[in-house]
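# Remarks on the overall topology
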Amino acid sequence: MGVFDIAFLIATVTIAAPILLAATGELVSQRAGVMNVGLEGIMLGGAFGGYLTMAVTGSIGLGFIGGIVAGLLFGALMAVLAIEAKVDQIVAGIAINLLGFGVTAFLNADLFPGAESFTPLSRVALPVLSQIPVLGEAIFTQNVFVYAVIVVVVGVGLALNRTTWGIGLKAVGENPVAADAAGVSVRGIRWAGVLFAGACAGAAGAYVSIGDVGVFREAMVGGRGYLALAAVLFGGWRLGGLLVAVAIFAGADALQLRLQASGDVPPEVWVMALVAVAVFLIVGRLRRRTAPVTTVEIIGIVAVLVSGALALLQPAITVPAPLWLALPYVLALSALAAGGRRRHRAPQALTIPYTRSEA
Amino acid sequence: MNALRGRGRADLARILTPIAVLAVTIVAAAALVLAIGVSPAAAGAAFWQGTFGTPVNFGTTLTQAVPLLLVALGWIITTKAGRLHVGFPGQIIAGGTVATTVGLLCGDVPPIVAVPLTALAGIVGGALWAAITAWLWAVRGVLEIVSSLLLNLVAVQVATWLIRGPLRGSLDGQPQSATFPMSTLWPAVPGIPGHALSFDIVLMPVCAVLLVLMLARTRFGFDVRASGGNETAARWSGIDPKKTGVVAILISGGFAGLAGAALLFAGSAPWMSDGFEAGVGFNGIAVALLARNSPVGAILAAIVFSSLNVGGTALQAKLDVPSSLAAVLQGAVIVLVLLSTVFVHVRAKRSLTSATPAPVPTTPVREPAGRV
Amino acid sequence: MTIHTDPDARVSLKAKRGAPALTLRAVTKRFGSFTANENVDLAVAWGEIHALLGENGAGKTTLMRIVTGLYQPDEGTLEIDGEAVHFRRPEQALRAGIGMVHQHFTLVPTLSEVENIAMRPSVFPWRNDLRETQRKADEVASATGLRITPDRLVEDASVSERQRIEIVKLLVRGASILIFDEPSAALTPDEWEDLAGLMKRLAADGHAIILISHKLSEVFSVADRFTVLRRGAVAGSGDLGDVSAEHLVSLMVGGAVDPRPPLEPSRPGAAVLEIEGLDVARENSSPSAPPALSGVGLTVRGGEIVGVAGVAGSGQRELVEAIVGVAAPLAGTVRVSGVAISAGHPQHFYDAGGALIPEDRHHVAIVGGMTLWENITMRMLRHAPLRRHGILDTAAAKRRARELMVEFDVRAASENTTIGRMSGGNQQKAVLARELSGDPTLLIAVQPVRGLDVRATDFVYRRLIEHRDRGGAVLLISMDLDEVIAMSDRVVVLAHGRMQGELPAATATRESVGALMTSAVAA
């Protein structure tokens with residue numbers, strides 16, 4: 001059906017992978033009680049670290065390791081500020097963003113006056129799995145990074161719910177006093193969480209530079225870090241919710257890439273919007289059947305009607321490219337706004353440093 | 001007696017910390033410059049010449065400090081109210097866009113009306129963009145830090161579209177607005193060539209002092225500090241922390257919007273183009289952090305940061321040092337300031353525990369970032 | 001030395017009864033120039049219930065933090081089974097078999113009960129210990145009768161159930177020396193009886209138990225021996241069979257205490273607080289959960305103190321929130337001096353002559369980072385003459401604050417002192433100064449003396465009674481039955497969000513009030 005073909009799905013998965021990896025790391029960090037707003041800066045660090053390592057060694061594998069090391073360094077800085085120095089976490093994150101941008105831009109201008117480019121990761125079709133219709137092509141005929149992200153996400157899911165470490169991590173984010181009383185090291189777990197988030201963001205950044213396009217440009221992460229952060233919040237600090245959020249953001253990005261080229265907005269986009277909003281409304285209604293109609297629902301119904309009308313009338317609407325570029329962010333904002341009061345609360349100790357004497 | 005001595009020591013630390021931070025930053029800068037093969041002495045001379053050495057350069061440094069200070073004041077009032085938003089880049093762009101629109105319509109209006117009108121347009125534009133963040137936070141419970149980050153990205157794209165679309169000047173298809181009418185340009189000190197020293201530098205002391213007075217001597221300022229100090233206690237005592245927070249965010253948006261207008265109408269180029277924001281939004285936050293949230297201290301800090309930017313450009317022109325050196329140093333300054341406050345805190349805490357056994361919550365009580 | 005829950009270890013624990021379990025010798029702990037514990041000796045034997053007594057600030061908490069490895073002593077030694085031990089981390093104390101049931105439970109509400117019990121540092125963090133934990137919890141259940149509901153979230157458990165989870169958690173980890181910190185604070189009298197029975201059974205099994213309490217009746221009913229701390233040092237110790245309650249009190253406060261004179265009979269005037277049919281939803285819970293308050297009605301008249309008795313979590317917080325107007329009730333009305341209080345506008349409550357001394361000073365009553373004078377005049381600054389056209393008259397406000405500091409005996413270097421740096425007692429007096437200075441018609445006091453020493457407590461009580469005698473209305477909400485009975489003219493009982501009945505304070509006893517609480521459980 002026109003815009004929403006296999007190529008669209010493939011693009012969505014490719015775009016989603018780095019955001020999902022960074023968001024998964026951030027989820028672990030936030031469940032331990034540390035909100036790392038510096039994700040964008042860390043991803044830039046990872047992107048440049050990967051690019052630099054690859055330029056020196058020529059190996060894309062080592063490049064990713066370089067990205068992870070850069071991410072770990074920034075993560076360690078965040079941990080020192082947030083856990084040891086107990087600085088306001090949001091301020092510390094802002095500092096990391098600025099530093100990440102500045103350092104990578106400076107080093108890039110100094111070390112690579114003329115940009116070098118490398119061959120990005122190639123696609124590898126997994127045996128058997130790639131034969132599955134649609135999904136086989138969309139998910140199992142991707143590059144190694146995408147498979148690695150899937151492994152990491154599944155691993156984090158298991159670790160959070162099925163291990164002693166996961167229990168300790170959730171306890172540290174929720175009630176560090178209780179964790180401390182039970183002998184769980186609040187400091188150790190928070191360090192581990194922040195470093196893990198740094199490593200994930202670093203690898204995701206390396207993918208953005210060497211894995212995807214094979215080159216580094218100033219500020220090339222382009223808001224993916226912020227989207228990952230938004231995905232954690234919209235996902236209600238649950239892995240499942242996070243997957244949905246990343247899918248929405250990445251889908252929007254893939255969509256805008258195709259629509260930039262196509263000129264008029266094709267009718268199936270309006271149908272898709274109609275279906276998406278309708279599903280959202282119905283799910284929300286099912287959850288609280290008796291509650292009165294909310295403003296969000298009225299806006300949603302209007303949106304359904306408008307998109308329905310647009311799908312039927314098929315007017316020639318062109319949207320300028322910059323506005324398409326803003327689409328994922330606008331969608332992320334709308335998603336956060338429409339989410340409203342969520343069932344899942346934030347970890348209670350999120351952004352609050354732990355000092356034992358208060359126990 | 002003891003308390004008095006402790007107070008004096010704390011004041012000394014307040015003054016010494018920024019100086020120590022600057023010293024470390026200068027050493028780091030020298031090391032970086034040396035690392036890329038430029039003599040630190042030559043770089044230092046070029047830096048001085050490019051920032052304070054000539055009346056024109058000095059004027060440019062002062063004029064460019066104005067938007068930085070305005071953003072810093074916006075950050076100070078929101079943090080005092082316990083709200084942390086970083087939407088300044090977006091608000092600068094929004095304020096600048098509205099001011100551009102108004103300015104382009106003001107061709108036949110005398111300067112005495114046109115200049116305040118562009119400033120007011122900037123304030124309104126910035127406040128309106130901030131209103132989205134404020135509304136999302138107060139009504140929809142979206143964390144202001146996240147919404148403001150996303151809105152920055154949206155603002156960049158919207159402005160990109162505007163100057164290629166509706167706002168594009170007729171000249172040769174460049175992605176920039178038409179040139180502003182002469183009557184709308186903010187007046188500059190006549191003696192200095194090239195409009196280098198704009199009269200808008202009076203905004204610096206005026207706005208900083210007004211903010212100090214507002215925080216200390218008005219009911220709204222009291223509400224701001226109480227809401228930021230302990231939101232629960234403020235609510236229980238009859239203050240509405242939501243209303244206070246919303247107004248604080250709007251005021252900060254107004255400051256940022258005014259900064260946007262200043263960047264355009266007191267800046268080097270009399271038209272709006274891509275990237276006129278030039279990192280002022282985030283650097284303004286760094287200015288406030290360096291000044292440790294003191295509005296008056298922020299004036300000095302803004303001049304320091306402005307000199308880093310102006311000097312960075314001079315270094316690139318003269319010695320081919322990448323101008324992103326300024327960005328590195330600015331990031332390093334924030335990290336150093338954060339670490340140094342901790343150092344001071346630890347010292348203060350130690351002297352405190354020796355006086356009273358009761359643990360004192362030195363970190364402000366902040367509601368957990370509970371709601372999305 | 002580790003103790004397992006398997007039967008052999010249990011037998012060996014039993015066999016050790018009477019031998020020294022935990023011994024502290026000459027323990028001293030200083031914070032700067034302040035000495036929290038000085039030369040403290042404490043000897044607890046296996047199979048013994050040892051009461052640790054003392055006023056607030058006497059050093060009990062510091063001592064127990066040393067025992068549980070949170071603090072390290074400056075001087076002195078700890079011995080378990082006669083062997084010296086050094087704890088540098090809480091984890092080491094836990095491994096040595098020392099476990100503490102904290103007054104504020106150390107449980108994670110969003111985790112299930114079994115997950116809370118499984119929460120522990122682990123050699124192989126990727127292991128899943130839940131099944132093993134469940135097996136051990138079953139063993140504890142068969143040995144002690146303490147059962148948990150493994151898959152229920154802790155936030156859905158009642159207060160007494162949470163206490164049970166805490167105890168199981170410690171037993172599963174092999175704790176043999178158990179410390180109970182004010183365990184009855186959140187329990188009804190019946191639930192306390194159950195707990196007392198459990199403590200005796202555990203002691204009979206050979207566990208050593210330290211009971212921290214200030215309720216002497218409870219101490220006499222379960223404990224064998226006692227140690228009294230005063231100003232950080234041991235004021236006395238011995239067998240409880242040899243001493244009287246009066247003697248223990250004089251050891252605690254350092255001299256005989258004049259009993260407070262009984263309240264003069266009240267002369268109730270017009271109704272000041274009228275509550276009708278109040279329903280309040282429980283925060284953060286599904287709509288099907290029972291409401292925090294249902295059908296609450298209450299009237300408080302001028303010139304009387306009405307005490308609200310009830311264990312923690314019976315709906316006290318929601319009641320105060322609804323009266324002040326911080327939270328919206330589902331149904332019902334609240335009137336103060338005839339003015340209906342609307343939710344979301346606490347200002348109306350204060351304008352109608354209300355005042356509030358909340359339980360949680362740090363979160364609710366003061367802004368720790370602001371100065372003393374700003375905290376004292378916080379409310380006055382809303383009105384003329386201290387505020388004109390939004391501009392504050394700070395000089396006049398400081399003057400007023402200085403006057404109130406004298407009147408309410410608030411001790412601080414100056415009115416410019418940051419309130420967060422003052423002692424708890426002085427902070428409470430500052431709150432009292434603010435709340436009573438506006439001549440309120442209605443004063444709501446929630447646990448007003450919690451954490452205060454004898455002198456400060458007396459001061460607060462005297463102020464409450466003075467306020468009543470001047471014709472003011474007082475609503476006293478407390479989880480301490482003795483306080484409610486002693487300080488009130490009338491006692492109403494709140495249990496499970498319902499008003500269970502009313503008693504004149506003159507004839508109320510722990511038993512009669514307790515019976516009203518329990519009737520709610522049966523209902």
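Now for a quick tour of the structure. (Residues numbered from 1 in each chain as written. Chains lettered and ligands numbered in written order. Predicted model: local features only at pLDDT ≥ 70, side-chain atom pairs only at ≥ 80, totals over all residues.)

## Topic: the sheet that holds strand 13 (residues 305-309) of chain C
Residue and element names in this part refer to chain C. Strand order in the open sheet made by the 6 strands is 16-19-20-13-21-22, with mixed pairing throughout. Either end of the sheet is taken by a strand with one partner, and the two such strands are strand 16 (354-357) and strand 22 (498-504). Taking the axes of each pair of neighbouring strands and ignoring which way they run, one obtains an average angle of 20° across the sheet. As paired strands, strand 19 (residues 442-446) and strand 20 (residues 473-478) are joined by 5 bridges and run parallel to one another. Paired with V446 across the two strands is I477, which belongs to strand 20. Its contacts with the sheet place helix 10 (residues 316-324) against strand 13, strand 16, strand 19, strand 20 and strand 21 (490-495), and it is angled at close to 155° to strand 19. Sitting on the sheet, helix 16 (residues 454-469) is in contact with strand 13, strand 19 and strand 20, with an inclination near 145° to strand 20. (Pairing = 2+ DSSP bridges. Helix = DSSP H or I, 4+ residues; strand = E, 2+ residues; numbered from the N terminus. Axes fitted to C-alpha atoms, helices over the stretch in contact; angles between N-to-C directions. Contact = placed C-beta atoms within 7 Å.)

## Quick look at the nonpolar core
With 400 residues, the main nonpolar core has A231 of chain A together with L69, L70, A72, V287 and A298 of chain B as its most contacted residues. Ranked by the residues each element gives to this core, the list is headed by helix 9 (residues 186-213) of chain A, at 17 residues. Sequence-distant contacts of L70 of chain B, defined by excluding residues within four places in its chain, comprise L203, C207, F255, A256, L258, A259 and A262 of chain B. (Core = buried A, V, L, I, M, F, W, Y, C linked by C-beta atoms within 7 Å. Buried ≥ 20, exposed ≤ 12 C-beta atoms within 10 Å, placed from the backbone.)

## What to know about the interface of chain A and chain B
Each partner contributes residues to the interface: chain A has 51 residues there, and chain B has 44 residues. Elements that contribute at least two residues to the side of chain A that touches chain B include exactly helix 4 (89-111), helix 10 (224-234) and helix 14 (321-339) of chain A. Considering each element in turn, the side of chain A that touches chain B owes the most residues, 14 residues, to helix 4 of chain A. For the side of chain A that touches chain B, the class distribution of residues is 38 nonpolar, 7 polar and 6 charged. (Nonpolar A, V, L, I, M, F, W, Y, C, P; charged D, E, K, R; others polar.)

## Quick look at the sheet that holds strand 11 (residues 271-280) of chain C
Residues and elements named next belong to chain C. Spatial strand order, 12-11-14-15: 4 strands in an open sheet with antiparallel pairing. Looking along the sheet, the strands with just one partner apiece sit at the ends: strand 12 (293-301) and strand 15 (339-340). Pairing geometry for strand 11 and strand 12, over 6 bridges, is antiparallel. Paired with A271 across the bridge in strand 12 is R301.

## Observations regarding the interface of chain B and chain C
Taken together, the contact pairs 27 residues of chain B with 34 residues of chain C. Among the elements of the structure, helix 8 (219-229), helix 9 (231-236) and helix 13 (325-353) of chain B are those that each provide at least two residues to the side of chain B that touches chain C. The greatest single-element share of the side of chain B that touches chain C, amounting to 6 residues, is contributed by helix 8 of chain B. Within the side of chain B that touches chain C, the residues separate by chemical class into 14 nonpolar, 9 polar and 4 charged.

## Considering the environment of I15 of chain B
Its place among the elements puts I15 of chain B in helix 1 (residues 2-35). Spatially, the C-alpha atom of I15 of chain B lies 47 Å from that of V109 of chain B, the residues being 94 residues apart in sequence.

## Looking at unusual backbone geometry
All names here are of chain B. The phi torsion at A278 lies on the positive side, around 50°, for a residue other than glycine. Inspection of the secondary structure assignment puts A278 in the loop between helix 10 (241-265) and helix 11 (280-290). Residue N293 is not a glycine yet carries a positive backbone phi of 60°. On the secondary structure map, N293 appears in the loop between helix 11 and helix 12 (295-319).

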